[in-house]
Amino acid sequence: MYLGLDLGTSALKALLIDEAQGVVAEASAPLSVERPHEGWSEQNPDAWIAAAETVFDALAEKGPLGAVRAIGLSGHMHGATLLDASDHVLRPCILWNDTRAHREAAAMDADPLWRAVSGNIVFPGFTAPKLHWLRAEEPALFDRVAHVLLPKDFLRLWLTGEHVAEMSDAAGTSWLDTGARDWSDRLLALSHLDRGAMPRLVEGTEVSGSLRDDLRRRWGFAPNTPVAGGGGDNAASAIGMGVTRAGQAFVSLGTSGVLFAANDGYRPAPETAVHTFCHALPETWHQMGVILAASDALNWFAGIAGTDAADLTGNLARLRAPGRTLFLPYLGGERTPLNDARIRAAFLGLEHATDRDAATRAVLEGVAFALRDCRDALAATGTAIETCVAVGGGSRSDYWLQAIATALDLPLSVPAQGDYGAAFGAARLAMMAATGDLGLAVPPAIDRIVAPDPSLTAAFAEGHARYRAATKALQELS
């Protein structure tokens, strides 16, 4: 068997697959986010270890783990996990959706070297600006930093005792020379750091270390169980869905929203606010348009409405043209294409006729329009999408899928029943590391295709134009 661990923002998920890539068992443990100040988002890394112990206990109760041939890792990207020389955690991890370092990020991005080497805008949520913030605001702690790890790689340290990262996650720090797939000494020096503070780099399909003996004995793993490099959450999800070649894409409706496209080479275009990162496979890259609130926006509105997301969307029937009411889903700022940490969400065009269903449709349409922005940004780099798989919790809403397909004017493939997310991708990467077979990332069986509604394509294009005009006006007020 092969074990995939996915460290999500709200839960750690574990998935066991067999040699035929069938799911054998799974377990999860919840996690919470702390927001002590406006724009802050943090987690205690010790909670990740406790969650890992919980899921290992749960899996071990279902059967012995001695048949596990390898472990793969995935997790949310960009988090700054800071350790001293004894590997003690110095402070809560500053997460991907934390915007406190927006001033530092803007100052860094004004130096063209960052974009030239990393291939990306220095976004406030990336790792490097968080260290610049730390140096300015918590200098005593900065002076004690001996190691900077990404969240899943802190789990790796616990599992193996090794400080290791892999290319897809490292590309989201702003310190990686993304084309060369190596740390940039020049960019590290600008952050008053050096390679000594950085983890060793491996490819996602390589072995990064072996499970520590005490953990092996505790849960019955085999001796020298290898731990694969793994991947950042979106790259691992792409491995799970077989999105590895140019023309292939997926749209993810998780807490955040992602339009992910595999590339046949390294084609950075930071001016579009598209993310250009290494893929989890050797010598491959990918691009992403990223929005910070997808299902997060729907869940927020569900809380306001005093219900849950499934209840809100379950009342919607056939897809309708966008109404007067607009929702701009910028609850915590936005990445693609705005790169704006200050902008905030808004309802516009509220009227007496705006009932709960109309407001729900506006939220779903707002996220669909934000993903249309991502599609346009990807197209501006020359990236063409031929096939697109829809995944994530939000993809359970047929109405939402219809709205996105029509807004993007792109058919969406819905996988047959099964788990093709980051934990599955991590398990596949574990299988690749153990067997050396890099051709395991095949696309899933498709249950159905959600096609754009041609009778509403023009209406959604007009709605998107209104959305763009409203965004411009909102930016001037933010």
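Description of the structure in this document. (Residues numbered from 1 in each chain as written. Predicted model: local features only at pLDDT ≥ 70, side-chain atom pairs only at ≥ 80, totals over all residues. Heavy atoms only, no water.)

### Some thoughts on the side chain of Thr-225
Along the polypeptide, Thr-225 turns up in the loop between helix 9 (213–219) and strand 14 (226–228). Residue Thr-225 is classed as buried on the basis of its relative accessible area of 2%. (Helix = DSSP H or I, 4+ residues; strand = E, 2+ residues; numbered from the N terminus. Buried < 20%, exposed > 50% of the residue type's maximum accessible area, 1.4 Å probe, protein only.)

### Re the pairing of strand 3 (residues 23–30)
Two elements, strand 2 (residues 11–17) and strand 3, share seven bridges in a ladder whose sense is antiparallel. Within the sheet, the bridge partner assigned to Lys-13 lies in strand 3 and is Ser-28. The hairpin formed by strand 2 and strand 3 contains five residues between the paired strands, and Gln-21 there has a positive phi angle of roughly 65°. (Pairing = 2+ DSSP bridges.)

### Some words on unusual backbone geometry
Of note, the bond from Thr-336 into Pro-337 is cis; its omega dihedral lies within 30 degrees of zero at -5°. Mapping Pro-337 onto the fold places it in the loop between strand 20 (326–328) and strand 21 (346–348). With a phi close to 50°, Asn-339 is a non-glycine residue in the positive phi region. Here Asn-339 lies in the loop between strand 20 and strand 21. For Asn-339, a relative accessible area of 28% translates into the label partly exposed.

### A short note on the packing of aromatic side chains
Applying the stated rule across the entire model yields 17 aromatic pairs. Residues Phe-250 and Phe-260 carry aromatic rings whose centres are separated by 4.8 Å and whose planes lie at 15° to one another, so their mutual orientation is stacked. Here Phe-250 is found in strand 16 (residues 248–253), whereas its partner Phe-260 is found in strand 17 (residues 257–263), with 10 residues between them in sequence. Side by side, Phe-250 and Phe-260 carry an identical accessibility label, which is buried. (Phe/Tyr/Trp six-rings, centres within 6.5 Å; stacked < 30°, edge-to-face > 60°.)

### Observations regarding helix 1 (residues 45–62)
For helix 1, which comprises 18 residues, the first-to-last C-alpha distance of 27 Å matches the rise-based estimate of 26 Å (1.5 Å per residue) to within 8%. Residues Pro-45, Trp-48, Ile-49, Ala-51, Ala-52, Val-55, Phe-56 and Leu-59 constitute the buried set of helix 1. Looking down the long axis of helix 1, one finds its buried residues gathered within 160° of arc, a one-sided arrangement. Of the residues that open helix 1, the one with a side-chain oxygen 3.0 Å from the backbone nitrogen of Asp-46 is Asn-44. (Expected span 1.5 Å × (residues − 1). Arc of directions from axis to C-beta. Polar contact = N/O pair within 3.5 Å; in protein donor to acceptor, adjacent residues only side chain to side chain.)

### Section: the pattern of salt bridges
Under the defined criterion, the tally for this structure stands at 26 salt bridges. Put simply, Lys-13 and Glu-26 hold a salt bridge, and the shortest N to O gap is 3.6 Å. With Lys-13 in strand 2 and Glu-26 in strand 3, this pair connects stretches of sequence that are 13 residues apart. Residues Glu-203 and Arg-181 are paired through a salt bridge, measuring 2.9 Å at the closest nitrogen-oxygen approach. Within this pair, whereas Glu-203 is found in the loop between strand 12 (200–202) and strand 13 (207–210), its partner Arg-181 is found in the loop between strand 10 (176–177) and strand 11 (182–183), the two being separated by 22 residues in sequence. Each of Glu-42, Arg-91, Asp-98, Arg-100 and Glu-138 takes part in salt bridges that share partners, so that together they form one network. (Salt bridge = Lys/Arg side-chain N within 4 Å of Asp/Glu carboxyl O.)

### A word on the environment of Cys-388
Along the polypeptide, Cys-388 turns up in strand 22 (residues 387–391). Linking Cys-388 and Ser-413, residues 25 residues apart in sequence, is a C-alpha distance of 6.1 Å. In this structure, Cys-388 is in contact with Ala-249, Phe-250, Val-251, Leu-259, Leu-410, Pro-411, Leu-412 and Ser-413, ignoring residues within four places of it in sequence. (Contact = heavy atoms within 4.5 Å.)

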